[in-house]
Amino acid sequence: MSGYQSTADAWVTYGQITDKLIKMNRSLDQKTMLRPTTKDLAKTAGVSRATVDRVLNGREGVRQETVDRVNDAIAELGFVRNLQAANLARSQSYQFIFALPRSGDQFLGQIVRRIQEAETLFSADHVWCDVHHINENDPHSISAYLSSLSKTDVAGVAIMSPESPQVRDAITRLQERGVATLPFISNQTLMDADWVGIDNRAAGATAGLLLGQLAGGRRGTLMVIAESMQSRDSLERRLGFDREICENFPGLRALPSLETYGNADRARAIIGASLAVHPDIVGIYIMASEARTPLSIITDMHVPRSVIRIAHERTPFTEQALRDRTLDGIIAQDAGHLVRSAIRRLKGIVDRRKTLLSQEQIRIEILLRTNI
């Protein structure tokens with residue numbers, strides 16, 4: 001009898017679950033049916049569906065008063081556009097270009113590989129990405145290249161370039177021609193709202209804190225190596241680094257930045273001269289995104305292992321340097337996250353949709369030989 005009762009109870013429970021599922025499905029169907037359409041927008045705004053379509057797609061020929069009425073209707077009805085369906089209907093595709101420096105070695109190699117991976121990831125959204133290498137030391141050639149692009153050629157450009165008036169103006173002109181454009185990894189002044197990269201002041205301060213703590217109370221000077229101080233990421237890293245050292249490690253004194261301009265011979269000459277003039281160096285901070293050349297030179301010059309070395313960006317070389325204990329720490333940013341965020345932001349600009357800020361925030365990572 002007890003077995004029969006248990007079976008009956010099970011059937012009752014099953015029936016209750018079935019009823020709940022049916023009600024949930026009905027609720028979902030009702031929500032789907034209640035979702036506002038372009039027809040609802042047209043009725044609420046008092047315009048035709050063709051006008052609504054022109055407003056949604058940003059086409060010309062619509063008075064601002066009418067655009068405002070459609071936008072008010074969108075807000076009133078809570079209209080959310082199905083961009084995938086709209087893009088499919090009009091065969092929308094997104095051609096993006098990553099304008100990257102010629103120099104950069106392994107770090108830029110990783111960026112290029114992540115761009116190739118991301119193109120596969122975003123292929124369902126009809127996103128296609130190309131890489132164009134620019135001469136980062138020639139702002140006029142960068143400006144000329146950006147000036148050659150138009151909306152018919154490309155939907156968006158992510159550019160990694162040192163800051164200069166020529167490049168800034170070319171970016172502004174490109175945006176005015178309707179091409180989505182944002183600084184990539186290295187920011188440009190007055191463009192803080194739309195760029196992709198870490199907070200470089202915080203990254204520099206993190207490097208200063210790590211180096212200062214590893215110094216363990218020693219007194220002496222710090223060598224700072226950059227590729228170019230025209231690059232805003234290096235400038236901001238230096239500001240953050242200096243503030244941390246000055247405020248919290250009074251026994252340490254940071255020397256003026258050594259600029260290598262990506263030239264190995266120049267790097268060897270200026271690093272050697274600085275070591276000769278400053279025998280009390282206790283730490284070396286490499287701010288550039290590619291540390292292989294400076295670190296190799298420091299190793300070749302038999303700099304004592306007691307001299308602390310902090311660098312930026314995770315590459316095969318810096319990983320091995322951590323394992324070999326010829327590098328003490330890496331301040332890094334995820335290359336894949338950088339690329340994916342750039343694509344999402346460019347696509348958001350083209351679609352006139354905001355991206356989720358928390359998703360696009362690039363984290364500062366501290367890597368030691370124990371966590372690589």
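In what follows, the structure referred to is the one given above.
Below is a summary of the structure that appears in this document. (Residues numbered from 1 in each chain as written. Predicted model: local features only at pLDDT ≥ 70, side-chain atom pairs only at ≥ 80, totals over all residues. Heavy atoms only, no water.)

**Re the pairing of strand E3 (residues 156-159)**
So, point 1. Here E3 shows a buried face lined by Gly156 and Ala158 and a second buried face lined by Val157 and Ile159.
So, point 2. Pairing of strand E1 (residues 94-101) with E3 involves four bridges; the strand directions are parallel. Each residue of the ladder has a partner; that of Phe96, found in E3, is Gly156.
So, point 3. Note: E3 against strand E4 (residues 180-183), four bridges, orientation parallel. Each bridged residue has a counterpart across the sheet, and for Ile159 the counterpart in E4 is Pro183.
So, point 4. Regarding the hand of the β-α-β motif, the stretch spanning E3, helix H8 (residues 165-176) and E4 is right-handed. (Buried < 20%, exposed > 50% of the residue type's maximum accessible area, 1.4 Å probe, protein only. Helix = DSSP H or I, 4+ residues; strand = E, 2+ residues; numbered from the N terminus. Pairing = 2+ DSSP bridges. Right-handed = clockwise from strand over helix to strand, strands pointing away.)

**Points about helix H12 (residues 292-300)**
So, point 1. For H12, the set of buried residues is Pro294, Leu295, Ile297 and Ile298. The arc that holds every buried residue of H12, seen down its axis, measures 160°, which confines them to one face.
So, point 2. For H12, the elements touching its buried residues are strand E5 (220-226), helix H11 (264-277), strand E8 (281-286), strand E9 (308-312) and helix H13 (316-324).
So, point 3. Immediately beyond the C-terminal end of H12, within one or two residues, lies His302, with a positive phi of roughly 55°. (Arc of directions from axis to C-beta. Contact = heavy atoms within 4.5 Å.)

**Details of the pairing of E9**
So, point 1. Of all five residues making up E9, five are buried, and the element is well covered by its neighbours.
So, point 2. Residues of E9 alternate between two faces, with Ile308, Ile310 and His312 on one and Arg309 and Ala311 on the opposite face, all of them buried.
So, point 3. The pairing of E8 with E9 spans three bridges and is classified as parallel. Among the inter-strand pairings, Gly283 is bridged to a residue of E9, identified as Ile308.
So, point 4. Note that the unit made of E8, H12 and E9 has a crossover that is right-handed.
So, point 5. Judged from the three bridges that link them, E9 and strand E10 (residues 329-332) form a sheet pairing that is parallel.

**Regarding the pattern of salt bridges**
So, point 1. Per the stated rule, a full pass over the model turns up 13 salt bridges.
So, point 2. Note that Arg238 is salt-bridged to Asp242, the shortest N-O span being 2.9 Å. With Arg238 and Asp242 both in helix H10 (residues 232-248), this residue pair falls four residues apart, about one helical turn.
So, point 3. Here Asp242 falls in the partly exposed class, since its relative accessible area comes to 22%.
So, point 4. In this structure, Glu319 engages Arg314 in a salt bridge whose closest nitrogen and oxygen atoms are separated by 2.6 Å.
So, point 5. Accessibility expressed as a relative area gives 16% for Glu319, which makes it buried.
So, point 6. When salt bridges with common partners are traced through the structure, they connect Arg314, Glu319 and Arg323 into a single cluster. (Salt bridge = Lys/Arg side-chain N within 4 Å of Asp/Glu carboxyl O.)

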